[in-house]
Amino acid sequence: MGRFTLKCLKCGTEYGEQYRLSCKNDDSLLRADYYEKKLELRARPGIGRFHSWLPIREELTTEAGPITYKSEALARELGLSNLYIGFSGYWPEQGAFIKTCSFKELEAHPTMQLLKETGGKAIVLASAGNTGRAFAHVSALTGTDVYIVVPESGIPKLWLPEEPTDSVHLIRMAPGNDYTDAINLAGRLAKLPGMVPEGGARNVARREGMGTVMLDAAVTIGKMPDHYFQAVGSGTGGISAWEASLRLQADGRFGLKLPKLQLTQNLPFAPMYRAWEAGRREIIPELDMPDAKQQIAETYATVLTNRAPPYAVNGGLYDALADTDGIMYGVTKEDALEAKKLFESLEGIDILPPSAVGAASLLKAVEAGNVAKDDVILLNIAGGGFERLKEDLTPIPITPVATAENPDVPLEDLIS
Ligand SMILES: *Cc1c(COP(=O)(O)O)cnc(C)c1O
Ligand SMILES: [Zn+2]
């Protein structure tokens, strides 16, 4: 008995249960249609609780999962009465046990499980740092091979809470290459026999994993929030939150109104913010990210610098924003640093740079009147607790197995 069928959002073609990233007829995103229409929580410690809406057969047993709590100090500071924090990271005092410290681990567990269940042997992905760390961790736990391509700026983010294993293959890109160069090289590697591409936003397991932040919030609060705040680079987290809320809406027990997506990019690199502000479905590089490499080099939260986000694609971020009457913000490094200090001192946990960007947008939204005092707000702190983690264990750096000078290097030089 199956659990779901994959369906194309454009032409409706159904593919059953597969590890599949695209439709044979068009370039639309696929979406999982689950046979369980009501969310039925499983007695699992982490993300496995949300098995109803994960595209895998075996229930995940990891203790890594999203948590949601009601803010007191930051809420008081901002004059909000229903501010909830979704926290993905390490914070044992709050029951948060994501040892790679970001919600990327929520995608890595179901993706690697689906890969295993569908007979895949090795997965290839590009990462600005956080995704690579999450997949390396799951690889170290399960022994499944991962090939991770990371630009130089991401290398310090590639550490593990345990000894790296031979199944983790880290490929470093020389300085001068950015995250999008890493995506291009990973795309070539993924075409080699035996390799499966991770697929980014096209990967349904990835989206469902990230979507559990919204599910956890809805079951904790008792209803869907009115607003969802997150910093975005690819926007996959925003798409995932939207899709999760569509399922909650259909479930019927968590309210009917979709949360308004309030998403943020980190200036100066903010192509989706600029396109959305201009009312465009298309990102026009000359207008929305002129001098992209320079802008990326100047951006504080490098994890948010994706030059090819799934924005225009059918079922992508533009559709998610349009369907939820969404808002986008652009915040500066200074805004983010200020919000980081405020959040950390009031809430008592350290947060990663992209989460500081997300927190800064909440301050802006309050100022602009884009939320009302009593609205139910979910702030997705998608990464944090790294300083807290270091009190309990020593992160171990992953050593690259090869360096690529550019995205077009011969592949034999990189894998052995
Ligand atoms: C990846 C990441 C983001 C951006 O996620 P999207 O894929 O753009 O939704 C935000 N915060 C953290 C901590 C991340 O690791
Ligand atoms: Zn199709």
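Note that the structure is predicted; figures quoted are calculated from it, not measured.

Give a detailed account of unusual backbone geometry, specifying residues and quantitative values.
For the bond running from Leu267 to Pro268, omega is 10°, close enough to zero to count as cis. For Cys101, which is not a glycine, the phi torsion comes out positive at approximately 70°. By the secondary structure assignment, Cys101 is in the loop between strand 6 (96-97) and helix 2 (104-117). Here the phi dihedral of Asp291 falls at roughly 55°; this positive angle occurs in a residue that is not glycine. Within the secondary structure, Asp291 is located in the loop between helix 8 (285-288) and helix 9 (292-297). Residue class for Asp291 comes out exposed when judged on its relative accessible area of 56%.

I'd like to hear about helix 11 (residues 333-347), residue by residue, with values.
Spanning 15 residues, helix 11 covers 20 Å between terminal C-alpha atoms, matching the ideal 21 Å at 1.5 Å per step. Regarding helix 11, the residues found buried are Ala336, Ala339, Phe343 and Glu347. Buried residues along helix 11 cover an arc of 70° about the axis, so they all sit on one side. Opposite the packed face of helix 11, turned more than 90 degrees from it, sit the exposed residues Glu334, Glu338, Lys341 and Ser345. Among the structural elements, strand 4 (67-70), helix 1 (73-78), strand 5 (83-91), helix 12 (353-368) and strand 15 (377-384) are those in contact with the buried residues of helix 11. Just past helix 11, the residue Gly348 takes up positive phi, approximately 80°.

Describe the side chain of Arg206, with residues and values.
Secondary-structure assignment places Arg206 in helix 5 (residues 204-221). A relative accessible area of 7% means that Arg206 is categorised as buried. In this structure the side chain of Arg206 is engaged in a polar contact, spanning 2.4 Å, whose partner is the side chain of Glu107.

Lay out the sheet that holds strand 2 (residues 14-16) with the relevant residues and their values.
Consider a sheet: its strands pair through backbone hydrogen bonds, and that pairing is either parallel or antiparallel. The three strands lie next to each other as 2-1-3, forming an open sheet whose pairing is antiparallel. On the outer flanks of this sheet lie strand 2 and strand 3 (30-34), each paired with one strand and no other. On average, each strand axis in the sheet is tilted by 30° relative to the strand beside it, whichever way the strands run. Here two bridges tie strand 1 (residues 4-8) to strand 2, and the two strands are oriented antiparallel to one another. Each residue of the ladder has a partner; that of Leu6, found in strand 2, is Gly16. In this fold helix 5 packs onto strand 1 and strand 3, with an angle of close to 65° to the strand it touches most, strand 3.

Can you break down the site of ligand 1 residue by residue, with the values?
Surrounding ligand 1, one finds 18 residues, the nearest of these being Lys104, Gly233, Ser234, Gly235 and Gly237. Measuring from an oxygen atom of ligand 1, one finds a side-chain N or O atom of Ser234 at 2.7 Å. Between ligand 1 and Gly235, the relevant distance is 2.8 Å, taken from an oxygen atom to a main-chain nitrogen or oxygen of the residue. Cavity membership is defined here by more than half of the atoms lying within 2 Å of grid points; on that basis ligand 1 lies in the largest pocket. Where the shell around ligand 1 is concerned, the elements lending two or more residues are strand 12 (227-231), helix 6 (236-251) and strand 15. Here the shell around ligand 1 is composed, by residue class, of eight nonpolar, nine polar and one charged. Residues lining the shell around ligand 1 come from more than one domain, with at least three contributed by each of domain 1 (67-99 + 204-390) and domain 2 (102-202 + 395-413).

So what about the layout of surface pockets? Which residues, and what values?
Considered as a void within the structure, the largest pocket measures approximately 960 Å³ in volume. Together, 48 residues line the largest pocket, and Tyr179, Gly200, Ala201, Arg206 and Asn306 are the ones closest to its centre. Elements with a contribution of two residues or more to the lining of the largest pocket: strand 7 (122-126), helix 3 (130-142), helix 4 (179-189), helix 5, strand 12, helix 6, helix 12 and strand 15. It is helix 4 that contributes the most residues to the lining of the largest pocket, four residues altogether. For the lining of the largest pocket, the residue count by class is 24 nonpolar, 18 polar and six charged. Of the domains in this structure, domain 1 (67-99 + 204-390) and domain 2 (102-202 + 395-413) are the two that each give at least three residues to the lining of the largest pocket.

Criteria and thresholds
Residues numbered from 1 in each chain as written. Chains lettered and ligands numbered in written order. Predicted model: local features only at pLDDT ≥ 70, side-chain atom pairs only at ≥ 80, totals over all residues. Heavy atoms only, no water. Helix = DSSP H or I, 4+ residues; strand = E, 2+ residues; numbered from the N terminus. Buried < 20%, exposed > 50% of the residue type's maximum accessible area, 1.4 Å probe, protein only. Expected span 1.5 Å × (residues − 1). Arc of directions from axis to C-beta. Contact = heavy atoms within 4.5 Å. Polar contact = N/O pair within 3.5 Å; in protein donor to acceptor, adjacent residues only side chain to side chain. Pairing = 2+ DSSP bridges. Axes fitted to C-alpha atoms, helices over the stretch in contact; angles between N-to-C directions. Near = heavy atom within 4 Å. 1 Å grid on protein atoms, 1.4 Å probe; cavity = no way out; pocket = protein on both sides within 12 Å on 5 of 7 lines; lining within 4 Å. Sits in = over half its atoms within 2 Å of the grid points. Nonpolar A, V, L, I, M, F, W, Y, C, P; charged D, E, K, R; others polar. Domains from an automatic or database assignment. Points joined across faces, edges and corners; volume = space filled by probe spheres on them.

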